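Architecture and fold: a report
Next come the chains, spelled out residue by residue.
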Amino acid sequence: MTATKDLSRPAHVPTELVIDFDWFNFGTKFDDLQLEWERLREKAPGGIFWTPRNGGHWVPLGGEDVATVLSDYTRFSAIDIYIPANVNRTAQLIPIEMDPPEQLDFRKIIIPFLASKNLQPVEDRARALTISLIEGFLARGECEFVSEFAAILPVAVFLDLMGLPQDDREMLRGFGEQITRSSDPEQRLNSQKALEGYLLGWMEQRRQDPGDDLLSAIVTADVNGREITETEALMLAMNVLLGGLDTVVNMLGFFALFLARNPGHRKQLIENPELVKPAVEELMRRHSIVANGRRVIQDTEMSGAQLRAGDMILGSTVLYGTDASITSDPFTVDFERESSKHIAFGKGNHVCPGQHLARRELKVFLEEWMKRIPDFSLQSTDQLQIAVGHVAGLTSLELRWPS
Amino acid sequence: MPTITFVDPHGIEHDVEGDVGQSLMTVAVNHDIPGIEGECGGEMACGTCHVYVADTAGCVPPPRTTDEAEMLEVLIDGVKPTSRLGCQIRVGPELDGLSVTVPSE
Ligand code: HEM
Ligand code: FES
């Protein structure tokens, strides 16, 4: 990450705004991802820079600028959210890779199933599963948190929403893992196809015999007076799956990592369970994990830089939660802050429709885990595996506790 | 500028001035009215601008559009006849003196 002149840059980008930064590779030795983003703020005091890596893109660093990038669709379109731009996709994900007004036509279909008022039964079942998973490894005194807990819960919740058999959990998790983690593009594509095949099969079944589940609502949806197409329905179901999987897995991972390292915060949650709700917000503020791209669609200015239509720009949500001009002492986690302002769920027209569900999953985890395993720590300090990308996360997290 | 009264979830009244053309949601967010987040920026996508609008002093905002009615129904638990999405109501001179209540949850 040094200022450089030899990597190519478009003519409208001045040399002084160029930093050679590969956002998939922050450097190998770090264990606080959020602090790494902070270092970038020191490197680019003007508040924005351009990197030639990954197809070339802008990186705004101020929290308000990031919120603007994610929400002002008149200047920043969501038709391309991947950086580098995704070449291999079947079709655009719906609704995330759409702009208003058509985006809302599709959002409407899924929102009733994700609205807070309808989620208590889903939470109850998620709680039962949480308890049984924890009790499954409790006596062992150790677990690999990601594969034995975090990765299982959201898959089960997805199957629950869609009215699909819980027996498919292992298979679905396998597809998901390969799509997001495999470094072999062919394997990724194969898993993607297998997942699509799985969903298409059930979609056909629900078209014949609709129930009151989300998948039935998707395949029978009316879009502005016409029937939804099969591709649209598939891309909508995929978006619900992909939107709710890695995000919850990794947020759980960062929660567990933080608590494993901070006995004082654990003690607070045990002594005062009322703090669980604010703790969820505060931990998300400090560990916002999503970073998505947008395509600039009209020439515009941001923090003094001239952006051109066609440029790509990256909105990293953690830069909002950790912006010292928005939150004082932002790297300190304080469950008793007056408010924990964050955009972990995005901002504007794409703001996460799954946020109420996600909050419940995170709350249930804190409540049930802290009751049973109040005291836990990392197995070792030198093996943290952090993956960066659109959803940052821990690839594994070995925990242990007195048993 | 028209004055709007927001009764917050604690029952506290806030009299604030709004610019003509701004939405009630924007006015509330600009004045940090508790209970109004405006998370989606007025795109009818979040429901965090829900308010109850009573007919005060003859100030009646234009009725809901079909889209707004539909989104209220899916987003809000216990929609009342007076329920509105604050982001869909524009401040105008005719709304001077309007009072709206922010629901407690
Ligand atoms: C802690 C967990 C989660 C986090 C941090 C998170 C974060 C986000 C963010 C930042 C966005 C907006 C992205 C952008 O503007 O580019 C988003 C959108 C979305 N999320 Fe989530 N999410 C979470 C859980 C979920 C869950 C559980 C579901 C579904 C069950 C879900 C479904 C979606 C969908 C469908 C969208 C696209 C919405 C649209 O484009 O209108 N998310 N999420
Ligand atoms: S601000 Fe989101 S619906 Fe009104």
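Computed from a predicted model, the values in this text were never measured in an experiment. (Residues numbered from 1 in each chain as written. Chains lettered and ligands numbered in written order. Predicted model: local features only at pLDDT ≥ 70, side-chain atom pairs only at ≥ 80, totals over all residues. Heavy atoms only, no water.)

**What about the overall build of chain B?**
We count it as follows: The numbering of helices and of strands both runs from the N terminus, where a helix is a DSSP run of H or I of at least 4 residues and a strand a run of E of at least 2. The globule rule used for comparison is 2.2 Å times the number of residues to the exponent 0.38, while the radius of gyration itself is calculated over C-alpha atoms. Relative accessibility under 20% of the residue-type maximum defines a buried residue, over 50% an exposed one, and the middle range a partly exposed one, all with a 1.4 Å probe and only protein chains included.
Check the secondary structure of chain B and you find two helices and five strands. At 12 Å, chain B has a C-alpha radius of gyration in line with the 13 Å of a compact globule built from 105 residues. Based on the C-alpha atoms only, the size of chain B along its principal axes is roughly 35 × 25 × 25 Å. Every one of the 105 residues in chain B was classed for burial, and the buried ones make up 48%.

**Remarks on the overall build of chain A**
Defined as follows: With residues, only the protein chains shown are counted as cover, and all accessible areas are computed by Shrake-Rupley using a 1.4 Å probe. Positive: Lys, Arg. Negative: Asp, Glu. His and the chain ends are not part of the count. Positions of charges follow a simple convention, taking NZ of Lys, CZ of Arg, CG of Asp or CD of Glu.
For chain A, the helix and strand inventory stands at 15 helices and 14 strands. The C-alpha atoms of chain A give 21 Å as radius of gyration, which agrees with the globular expectation for 403 residues (22 Å, within 12%). The buried share of chain A, reckoned over its 403 residues, is 56%. Just so you have it, chain A exposes about 16,900 Å², and 49% of that area is on carbon and sulfur atoms. In chain A, 41 side chains carry a positive charge and 58 a negative one; their mean positions are 2 Å apart.

**Notes on helix α1 (residues 33-43) of chain A**
This is how it is decided: Side-chain atoms alone can form a polar contact between residues adjacent in sequence; in general such a contact is a pair of N or O atoms within 3.5 Å, and within protein one must be able to donate a hydrogen while the other accepts it.
Every buried residue of α1(A) is listed here: A:L33, A:Q34, A:E36, A:W37, A:E38, A:L40 and A:R41. For α1(A), the N-terminal capping position is held by A:D32, with its side-chain oxygen 3.2 Å away from the main-chain nitrogen of A:Q34.

**With respect to the site of ligand 1**
All names here are of chain A. Heads up, the rule is: A single heavy atom is enough: if one lies within 4 Å of a molecule or strand, its residue is considered near that molecule or strand. Polar here means any residue outside two lists: the nonpolar Ala, Val, Leu, Ile, Met, Phe, Trp, Tyr, Cys and Pro, and the charged Asp, Glu, Lys and Arg; Gly therefore counts as polar.
R107, N292, R294, H350 and C352 are the nearest of the 26 residues found near ligand 1. I96 is positioned with one of its backbone polar atoms (N or O) 3.3 Å from an oxygen atom of ligand 1. Within the side chain of R107, one N or O atom sits 2.8 Å away from an oxygen atom of ligand 1. When its residues are assigned to classes, the shell around ligand 1 shows 14 nonpolar, 10 polar and two charged.

**Structural notes on helix α6 (residues 152-162) of chain A**
Of all 11 residues in α6(A), 11 are buried; the element is thus mostly enclosed. For α6(A), the full list of buried residues reads A:I152, A:L153, A:P154, A:V155, A:A156, A:V157, A:F158, A:L159, A:D160, A:L161 and A:M162.

**Description of the interface of chain B and chain A**
As a reminder, the rule being used: Note on definitions: a residue-residue contact is assigned when non-hydrogen atoms from the two residues lie within 4.5 Å. Buried area is a sum: the accessible area each of two parts loses on coming together, probed at 1.4 Å, counted once for each and added. Here a salt bridge means any side-chain nitrogen of Lys or Arg lying within 4 Å of a carboxyl oxygen belonging to Asp or Glu.
Contact with chain B, which involves 15 residues of that partner, is made by 14 residues of chain A. Among the residues chain B hides against chain A, the three largest losses belong to B:E39, B:E43 and B:V74. Together they make up 42% of the total. Between B:D67 and A:K108 there is a salt bridge, and its shortest N-O distance comes to 2.9 Å. Residues belonging to the side of chain B that touches chain A are distributed by class as follows: eight nonpolar, one polar and six charged.

**Observations regarding the sheet that holds strand β3 (residues 50-53) of chain B**
Residue and element names in this part refer to chain B. The condition that has to hold: Here, any two strands with at least 2 DSSP bridges between them count as paired. All axes here are fitted lines through C-alpha atoms, helices being fitted over the stretch that makes contact, and every angle between N-to-C directions spans 0 to 180 degrees.
Judged by pairing direction, the sheet is mixed, and its five strands sit side by side in the order β2-β1-β5-β3-β4 without closing on themselves. With one partner strand each, in any of the chains shown, β2 (13-17) and β4 (83-85) form the two edges of the open sheet. Each adjacent strand pair in this sheet contributes to an overall mean axis angle of 35°, direction not counted. The pairing of strand β1 (residues 3-7) with β2 spans five bridges and is classified as antiparallel.

**Side note on the pattern of salt bridges**
What the rule picks out here adds up to 30 salt bridges over all chains. With its nearest N and O atoms 3.9 Å apart, the salt bridge here joins A:R308 to A:D299. When its relative accessible area of 42% is taken as the criterion, A:R308 is described as partly exposed. Between B:R84 and B:E68 there is a salt bridge whose closest N-O contact spans 2.8 Å.

**Overview of the side chain of A:H265**
When you line up the elements, A:H265 lands in helix α12 (residues 263-271). Discounting residues that sit within four places of it in the chain, A:H265 has contacts with A:F258, A:L259, A:V333 and A:F335.

**Section: the environment of A:T15**
Summarising the element assignment, A:T15 is placed in the segment before α1. A C-alpha to C-alpha distance of 9.1 Å links A:T15 and A:W50, two positions 35 residues apart in sequence.

**Quick notes on the packing of aromatic side chains**
For any pair of aromatic rings, geometry is given as the distance between the ring centres together with the angle between the planes. All names here are of chain A. Heads up, the rule is: Pairing of aromatic rings covers Phe, Tyr and the six-membered ring of Trp, with a centre-to-centre limit of 6.5 Å; geometry is then stacked below 30 degrees between planes, edge-to-face above 60, and tilted otherwise. Only Lys NZ and Arg CZ are tested; either one counts as a charge over a ring when it is within 6 Å of the ring centre and within 35 degrees of the ring normal.
Going through the model one piece at a time under the given rule, you end up with 14 aromatic pairs over all chains. Aromatic pair F145 and W369: ring centres 5.5 Å apart, planes at 80°, arrangement edge-to-face. Here the residue F145 occupies a position in helix α5 (residues 145-150), and W369 occupies one in helix α15 (residues 355-372), the gap between them amounting to 224 residues. A residue is classified by how much of its surface remains accessible, and W369, at 0% relative accessible area, is buried. Ring pairing ties together the aromatic residues F137, F145, F149, F365, W369, F376 and W401, which thus form one cluster. Its guanidinium or amino end placed over the ring of F376, R266 lies 5.3 Å from that ring's centre, counting from NZ or CZ.

**Quick word on the sheet that holds strand β11 (residues 377-378) of chain A**
All names here are of chain A. Read from one edge of the open sheet, three strands run β4-β14-β11, paired in antiparallel fashion. Here the strands that pair on one side only, and so sit at the sheet edges, are β4 (142-144) and β11. Bridging between β11 and strand β14 (residues 398-400) involves two bridges; their strand directions are antiparallel. Its bridge partner being in β14, S377 is matched across the sheet by R400.

**Let's talk about the nonpolar core**
Condition: In these notes, a set of buried Ala, Val, Leu, Ile, Met, Phe, Trp, Tyr and Cys residues joined through side-chain atoms within 4.5 Å is what counts as a nonpolar core.
A:W37, A:F145, A:W369 and A:L399 are the most contacted members of the largest nonpolar core, which has 120 residues in total. The dominant element in this core, judged by the number of residues it contributes, is helix α11 (residues 246-261) of chain A, at 11 residues. In terms of nonpolar packing, the next biggest core, distinct from the first, is built from 33 residues, B:I4, B:I33, B:V91 and B:V102 among them.

**Re the pairing of strand β13 (residues 393-396) of chain A**
All names here are of chain A. Sheet topology places strand β12 (residues 385-387) next to β13; three bridges connect them, and they run antiparallel. Each bridged residue has a counterpart across the sheet, and for Q385 the counterpart in β13 is S396. Taking the residues between adjacent antiparallel strands as the criterion, β12 and β13 are bridged by five residues, where G389 takes a positive phi near 150°.

**Things to note about the environment of B:F6**
Its location among the elements puts B:F6 in strand β1. A C-alpha to C-alpha distance of 5.8 Å links B:F6 and B:T101, two positions 95 residues apart in sequence.

**Focus on the side chain of A:T51**
Residues and elements named next belong to chain A. As for its placement among the helices and strands, T51 is situated in strand β1 (residues 48-51). Of the polar contacts made by the side chain of T51, one reaches the backbone oxygen of F21; its length is 2.7 Å. When residues no more than four places from it in sequence are discounted, the contact partners of T51 are I19, D20, F21, G56, H57 and V59.

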